[in-house]
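# Architecture at a glance
One-letter residues, chain by chain:
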Amino acid sequence: MEKNTSQLDAWACYDKDKTVTIKECIFMKRMILDLKIMEEYKAYLYDEERSKATIEKYMRDITHFYKYLPEGNKQITKEVLVRYKNSLSDQYKISSINSMIVALNGLLEFMKLSNLKLKLYRVQSSVFYEEDKELTKNEYKRLLDTALRGGNIRLYMLLQTICGTGIRVSEHRYITVESLKNGKAIVHNKGKVRVIFI
């Protein structure tokens, strides 16, 4: 009987340690993160019609995890994942950590390792909008002045558009000459459609 490549890998694992079954060897092989799997996951995200920005973010987060794994041992275990999650809290805010975990959990699901998925940090959402996170009028004027002083008219106009309409940075492409004539822009983002009045 001829063995396929994954079976050959499994047999090699089996031959090294007779206490490990072939099935366990195949599972252990599946737990190794390599660049080929990362590329396959990237292609999968394209097939799922994720936005270019989402794919870039996911791949950046997964690459960060890949670099965290020790050289020569890229095996994914629950212990390694939890240690990685804990290491992120020294450098990132909870919301950033959660977005990185979402990217990593997507990869784990793709690799058929859903049992290793990490839990997101729970975030108590504020009922009231925090004023210190809101751009003040003086800060807004300073941004505009800096753009003008730097001769960056495009940035000047972009800042006015974003602040005047409340759109996300990624949605600015929907503000076109046609949308200005119509007095509204139709924004398609994250599977949702909304109208922005200009």
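Scroll up to find the structure.
The following refers to the structure shown. Since the model is a prediction, treat every value here as computed from it, not as a measurement.

What counts, and at which threshold
Residues numbered from 1 in each chain as written. Predicted model: local features only at pLDDT ≥ 70, side-chain atom pairs only at ≥ 80, totals over all residues. Heavy atoms only, no water. Helix = DSSP H or I, 4+ residues; strand = E, 2+ residues; numbered from the N terminus. Buried < 20%, exposed > 50% of the residue type's maximum accessible area, 1.4 Å probe, protein only. Contact = heavy atoms within 4.5 Å. Areas by Shrake-Rupley, 256 points an atom, 1.4 Å probe, with all protein chains shown as cover. Core = buried A, V, L, I, M, F, W, Y, C linked by side-chain atoms within 4.5 Å. Expected span 1.5 Å × (residues − 1). Phe/Tyr/Trp six-rings, centres within 6.5 Å; stacked < 30°, edge-to-face > 60°. Lys NZ or Arg CZ within 6 Å of the ring centre and 35° of its normal. Polar contact = N/O pair within 3.5 Å; in protein donor to acceptor, adjacent residues only side chain to side chain. Salt bridge = Lys/Arg side-chain N within 4 Å of Asp/Glu carboxyl O. Pairing = 2+ DSSP bridges.

### Topic: the overall build of the chain
Helix and strand content of the chain: nine helices and two strands. Ordered by position from the N terminus, the helices and strands of the chain form the series α-α-α-α-α-α-α-α-α-β-β. Relative to its full complement of 198 residues, the chain shows a buried share of 26%. A separation of at least 24 residues holds for 41% of the contacts in the chain among residues at least 6 apart in sequence. Accessible surface, the chain: about 14,600 Å² in total, of which carbon and sulfur atoms supply 54%.

### A closer look at the nonpolar core
Counting 29 residues, the largest nonpolar core has L33, F65, I76, L81 and L107 as the members making the most contacts within it. The element that contributes the greatest number of residues to this core is helix α6 (residues 94–110), accounting for seven residues. Each residue touching L107, except ones within four places of it in the same chain, is listed here: L33, I37, Y41 and I62. In this structure, I162, I167, V187 and I196 belong to the second largest nonpolar core, which totals six residues.

### Quick look at α6
With 17 residues, α6 extends 24 Å between its outermost C-alpha atoms, agreeing within 8% with the 24 Å of an ideal straight helix rising 1.5 Å per residue. Buried residues of α6: I97, N98, M100, I101, A103, L104, N105, L107 and L108, and no others. Close packing links the buried residues of α6 with α3 (35–47), α4 (52–68) and α5 (78–88). Within two residues after α6, K112 carries a phi angle of roughly 60°, on the positive side.

### Comments concerning the packing of aromatic side chains
Scanning all chains against the criterion turns up five aromatic pairs. Ring geometry for Y41 versus F110: centroids 5.3 Å apart, planes at 50°, classification tilted. On the criterion of sequence distance, the pair formed by Y41 in helix α3 and F110 in helix α6 is long-range, its members being 69 residues apart. Taking the relative accessible area as the measure of exposure, F110 reaches 26% and is therefore partly exposed. An aromatic cluster is present here, built from Y41, Y44 and F110 joined pairwise through their rings. Positioned above the aromatic ring of Y66 is the side chain of K74, whose terminal nitrogen or guanidinium carbon lies 4.1 Å from the ring centre.

### A look at the side chain of N105
As for its placement among the helices and strands, N105 is situated in helix α6. Among the polar contacts listed, one links the side chain of N105 to the backbone nitrogen of L118, at a separation of 2.8 Å. Apart from residues lying up to four places away in sequence, N105 is in contact with K117 and L118.

### Looking at the pattern of salt bridges
The final tally for this structure, using the stated rule, is seven salt bridges. A salt bridge links R194 to E171, with the nearest nitrogen and oxygen atoms 2.5 Å apart. With R194 in strand β2 (residues 192–197) and E171 in the loop between α8 (153–165) and α9 (177–182), this pair connects stretches of sequence that are 23 residues apart. What makes R194 partly exposed here is its relative accessible area of 33%. Among the charged side chains, a network of salt bridges with common partners joins R168, E171 and R194.

### Brief notes about the pairing of strand β1 (residues 184–189)
The side chains of a regular strand alternate, first on one face of the sheet and then on the other. Side chains A185, V187 and N189 of β1 all project onto a buried face; the interleaved residues K184, I186 and H188 project onto a face where none is buried. Relative to β2, β1 runs antiparallel, the two sharing six bridges. The residue bridging H188 from the neighbouring strand is V193, located in β2.

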